[in-house]
Number of protein chains: 2
Amino acid sequence: MGIGNVSERRLQSPHVGVSVVILALGPGSDDASSASVDTDDGASSKTTSPVPRQAVPHRRLWMPLVRRTRQPYLGMWALPGEDVSADETLEHAACKALESTTALTPRYLEQLRAFGGPDRSQGGLPMVTVVYWAMVGRTETWTPDSIDDMRWFAEDELPELAFDHRQIVDYALRRLRTTIEYPDVVARLIGPTFTLRQLHGVVEAIAGQTVDLANFRRRILASGELEDTGEKIREGRQRPAAVYRYVPRAERDAASWTRGLFGDELHRINQELRLRRESDARAFDDPLSALVPHRG
Amino acid sequence: MGIGNVSERRLQSPHVGVSVVILALGPGSDDASSASVDTDDGASSKTTSPVPRQAVPHRRLWMPLVRRTRQPYLGMWALPGEDVSADETLEHAACKALESTTALTPRYLEQLRAFGGPDRSQGGLPMVTVVYWAMVGRTETWTPDSIDDMRWFAEDELPELAFDHRQIVDYALRRLRTTIEYPDVVARLIGPTFTLRQLHGVVEAIAGQTVDLANFRRRILASGELEDTGEKIREGRQRPAAVYRYVPRAERDAASWTRGLFGDELHRINQELRLRRESDARAFDDPLSALVPHRG
DNA sequence: ACAAAAGTGTTTTGTATACACCCATGA
DNA sequence: TCATGGGTGTATACAAAACACTTTTGT
């Protein structure tokens, strides 16, 4: 693979970064329980929602964007991202980006694709960006915490985005909409336990359209990957619903890394991240140790 | 995205490379038309096919591997690859890797995934490798051209591979086997025109099992993306078969970049590659011009 | 009792499969 | 005319969609 040929193009190697399309379930438009931050902060007018929409009967996907503080595309909205250093995994970098943007814990993380080429940097350094998508937060009682240069946007009311991030988002949503055909992904998106109605809400939001609840129920139960916990919970004020748990079937697990990482593995990575950060702080006095590969 | 923060970790950025899983349709085992190079070259014994298999009724996928000429994993088989320079697209680099290995023209090229992290280099430089898979060659009259440090292997008789390339190959095959559900991908894999039997052969080889020809015929025709050219061709000595052409349906095209690149686009990239190479040769005397982004 | 949500049954439609069958052609 | 591959018909099984319906609960 040409490692070691230091002469020619070696110094022209592109830099590596990650960006994350972070998704959470939020209200549809005209929803009474709306917690959306529609108060326009005093910023430039081009950041306001460009596409007026009529009422959406189901919930929608929301994603946080950050405002760029540098050229190029200064002041424009962009996907959260991080540089990747040689001693960390791509997933680590993605988790850092996640953490820097939202305090919610990720339920799912999957690599989407790498984007590269000289055309996409537009005046910045040439970058190869590995894009992940992540699913965070619970479906209920969701309050987007918008601060200074970060803000949540509904999937169909996005502002103009920096770089090729609009293409990336479109790609992510398309990929997401084919991914939800796997019952295990949907089930684990929502958390350890859930009612069928909650699950149904996720699917509708992702699919972007209403889905027959009765048929959904049958399909998801027929998959054999849901287990009745015996508990019951009342979402509204009416009849309590059965609470289910996702229970993986053996052979599936072997193929799971094909798709993405789930809550438990993510938790492990985040743990490791915290440890790493501490040792990084120590390494500040001893720069050499930072060059040593992490596992030593 | 942190571009411009040159201090801290900037110098620790991993290098970027591409690897390509190159696939071609070849004979199944016990096939009389076998053109496989089963003469063991005098190399080390660990390169011989490790898994003895019984006869496979359908054709199989074959892929070229290259022998490593450097540490780590010196002498071991690995996926063809290239370093990526800042002024080229990832697809360009992938095409270079393709070209350096086989003279066959690619029918399809799709990015699989980026692999990274400190664990995978094992003594080499930290690398983020963007892996592509490609489909080359025609289904008939296939002769693998094995030379010195390159050799074709059947998908189910691979030797031990360097780095994490075995995982990568497994991942590629899994992905390929889900991709063939798209009729357009299958159709365009084989070339501009083809008989249904040829197409059927591709699907069987990729699926790794026999597929009912009658039902396959119906399904693929029902997709509405195949057009009868009116021509007929005799493959064997019997009744001639109708020749079809792939004709894309409008809306599909918008989503096509979601998957991969096909022959025509690849042709364009290869053209561009050749031009680039010439200008690179010129730039040898004028190193500065190589730093200018290609589109200037 | 009523509203609202949980959960079930039933009919229809479409699609994948298995496999029997006919057709066209060259030897 | 027969073997071989090209191409079609058909019965069956299964999965998804549509939607009417019953049950359970709180007010």
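Residues numbered from 1 in each chain as written. Chains lettered and ligands numbered in written order. Predicted model: local features only at pLDDT ≥ 70, side-chain atom pairs only at ≥ 80, totals over all residues. Heavy atoms only, no water.

Chain A is annotated in an unreviewed UniProt entry as ADP-ribose pyrophosphatase from Bifidobacterium lemurum.

**Student:** Mind laying out the nonpolar core, listing which residues take part and the relevant values?
**Tutor:** By size, the foremost hydrophobic cluster in this structure holds 51 residues, and its most contacted members are Val20, Leu109 and Tyr132 of chain A together with Val20, Leu109 and Tyr132 of chain B. Beyond its immediate chain neighbours, meaning those up to four positions away, Leu109 of chain A contacts Glu91, Ala94, Cys95, Leu98, Tyr132, Trp133, Ala134, Gly260, Leu261 and Leu266 of chain A. (Core = buried A, V, L, I, M, F, W, Y, C linked by side-chain atoms within 4.5 Å. Buried < 20%, exposed > 50% of the residue type's maximum accessible area, 1.4 Å probe, protein only. Contact = heavy atoms within 4.5 Å.)

**Student:** Describe the protein's contact with DNA strand C, naming the residues involved and giving the relevant values.
**Tutor:** In the vicinity of DNA strand C lie 19 residues, with Arg197 and Arg218 of chain A together with Asn215, Arg218 and Arg239 of chain B positioned nearest. Counting only atoms of DNA strand C within 4 Å of the protein, the fraction found in sugar and phosphate groups is 62%. Side-chain polar atom of Asn215 of chain B to a base nitrogen of DNA strand C: 2.9 Å apart, as the coordinates give it. Within the side chain of Arg239 of chain B, a nitrogen or oxygen atom sits 2.8 Å from a base oxygen of DNA strand C. Among the secondary structure elements, those contributing two or more residues to the surface near DNA strand C are α5 (213–222) and β10 (241–246) of chain A together with α5 (213–222) of chain B. (Near = heavy atom within 4 Å. Polar contact = N/O pair within 3.5 Å; in protein donor to acceptor, adjacent residues only side chain to side chain. Helix = DSSP H or I, 4+ residues; strand = E, 2+ residues; numbered from the N terminus.)

**Student:** Let's hear about the sheet that holds strand β8 (residues 193–195) of chain A: which residues, and what values?
**Tutor:** All names here are of chain A. Taken in spatial order, the 3 strands of this open sheet run β8-β10-β9, and their pairing is antiparallel. A single partner strand is all that each edge strand has here, and the edge strands are β8 and β9 (226–233). The mean angle between the axes of side-by-side strands here comes to 40°, regardless of whether they run parallel or antiparallel. Pairing analysis gives 3 bridges linking β8 to β10, with the strands arranged antiparallel. Paired with Phe194 across the strands is Tyr244, a residue of β10. (Pairing = 2+ DSSP bridges. Axes fitted to C-alpha atoms, helices over the stretch in contact; angles between N-to-C directions.)

**Student:** Run through the packing of helix α3 (residues 183–190) of chain A against helix α4 (residues 196–207) of chain A, naming residues and quoting values.
**Tutor:** Residues and elements named next belong to chain A. α4 packs onto α3 with a crossing angle of 110° between their chain directions and a minimal axis gap of 9 Å. As summarised for this structure, α3 and α4 are arranged roughly perpendicular, according to the angle between their axes. In terms of crossing hand, the pair formed by α3 and α4 is right-handed. Touching Val186, Ala187, Leu189 and Ile190 of α3 are Gln198, Leu199, Val202, Val203 and Ile206, all from α4. For the contact of α3 with α4, the per-class residue count stands at 8 nonpolar, 1 polar and no charged. (Parallel < 35°, antiparallel > 145°, perpendicular 65-115°, else oblique. Left-handed = near helix turned anticlockwise from the far one by under 90°. Nonpolar A, V, L, I, M, F, W, Y, C, P; charged D, E, K, R; others polar.)

**Student:** I'd love a proper account of the protein's contact with DNA strand D, names of residues and values included.
**Tutor:** Around DNA strand D sit 19 residues, and of these Asn215, Arg237 and Arg239 of chain A together with Arg197 and Arg218 of chain B come closest. In DNA strand D, atoms within 4 Å of the protein come 62% from sugar and phosphate. Separating a base nitrogen of DNA strand D from a side-chain N or O atom of Arg218 of chain A is a distance of 3.1 Å. Arg218 of chain B is positioned with one of its side-chain polar atoms (N or O) 2.9 Å from a base oxygen of DNA strand D. Within the residue set of the surface near DNA strand D, elements represented by two or more residues are α5 of chain A together with α5 and β10 (241–246) of chain B. For the surface near DNA strand D, the leading source of residues is α5 of chain A, giving 4 residues. Each residue belonging to the surface near DNA strand D can be placed in one class, and the counts come to 6 nonpolar, 2 polar and 11 charged.

**Student:** Quick one: what's the story with the confidence of the model for chain A, residue by residue and with numbers?
**Tutor:** Reading fine detail from the predicted coordinates is not recommended where pLDDT is low. All names here are of chain A. The predicted model of chain A averages 76 in pLDDT, with 72% of residues at 70 or higher. Summarising per-element confidence for chain A, the mean pLDDT is lowest in helix α6 (residues 250–255) (50) and highest in strand β3 (residues 77–78) (96). Low pLDDT (under 50) marks residues 1–10, which in the prediction has 20 contacts with non-local residues, meaning those over four places away or in another chain. Throughout residues 31–52 the model reports pLDDT below 50, and contacts reaching past four residues in sequence, or to other chains, amount to 28 contacts. (pLDDT = per-residue confidence, 0-100.)

**Student:** Help me get a handle on the sheet that holds strand β9 (residues 226–233) of chain B, residues and values and all.
**Tutor:** All names here are of chain B. Reading across the sheet, the 3 strands line up as β8-β10-β9 and stay open at both edges, with antiparallel pairing between neighbours. Here the strands that pair on one side only, and so sit at the sheet edges, are β8 (193–195) and β9. If you compare each strand with its neighbour and ignore which way they point, the axes differ by 40° on average. Alignment of β9 against β10, held across 5 bridges, turns out to be antiparallel. Bridge assignment links Lys232 to a residue of β10, and that residue is Ala242. Packed on one face of the sheet, helix α4 (residues 196–207) meets β8, β9 and β10 and runs near 85° to β8.

**Student:** I'd love a proper account of a positive patch on the surface, names of residues and values included.
**Tutor:** Residue and element names in this part refer to chain A. Side chains of Arg197, Arg217, Lys232 and Arg239 sit close together on the surface and give a patch of like positive charge. Tracing the sequence through the fold places Arg239 in the loop between β9 and β10. We classify Arg239 as exposed; its relative accessible area is 77%. (Patch = residues over 30% accessible without salt bridge, like charges linked within 9 Å, V, L, I, M, F, W, Y side chains within 5 Å. Areas by Shrake-Rupley, 256 points an atom, 1.4 Å probe, with all protein chains shown as cover. Salt bridge = Lys/Arg side-chain N within 4 Å of Asp/Glu carboxyl O. Lys, Arg positive; Asp, Glu negative; His and termini not counted. Charge placed at Lys NZ, Arg CZ, Asp CG, Glu CD.)

**Student:** For the pattern of salt bridges, give the residues involved together with the corresponding values.
**Tutor:** By the definition in use, this model includes 20 salt bridges over all chains. Two residues, Asp149 of chain B and Arg67 of chain B, come together in a salt bridge whose shortest N-O distance is 3.9 Å. Taken as a pair, Asp149 of chain B in the loop between β6 (127–136) and β7 (150–154) and Arg67 of chain B in strand β2 (residues 60–67) lie far apart in primary sequence, 82 residues in all. One salt bridge connects Arg175 of chain B with Glu110 of chain B, and the closest N-O pair in it is separated by 3.4 Å. Separated by 65 residues along the polypeptide, Arg175 of chain B in helix α2 (residues 165–179) and Glu110 of chain B in strand β5 (residues 106–115) bring together distant segments of the chain. One exposure class covers both Arg175 of chain B and Glu110 of chain B, and it is buried. Through salt bridges that share partners, Arg60, Asp156 and Glu157 of chain A make up one connected network.

**Student:** Mind laying out unusual backbone geometry, listing which residues take part and the relevant values?
**Tutor:** Note: most residues except glycine have negative phi, and most peptide bonds are trans. Here Gln71 of chain A and Pro72 of chain A are connected by a cis peptide whose omega angle stands at -5°. One non-glycine residue, Tyr73 of chain A, lies in positive phi territory at about 65°.

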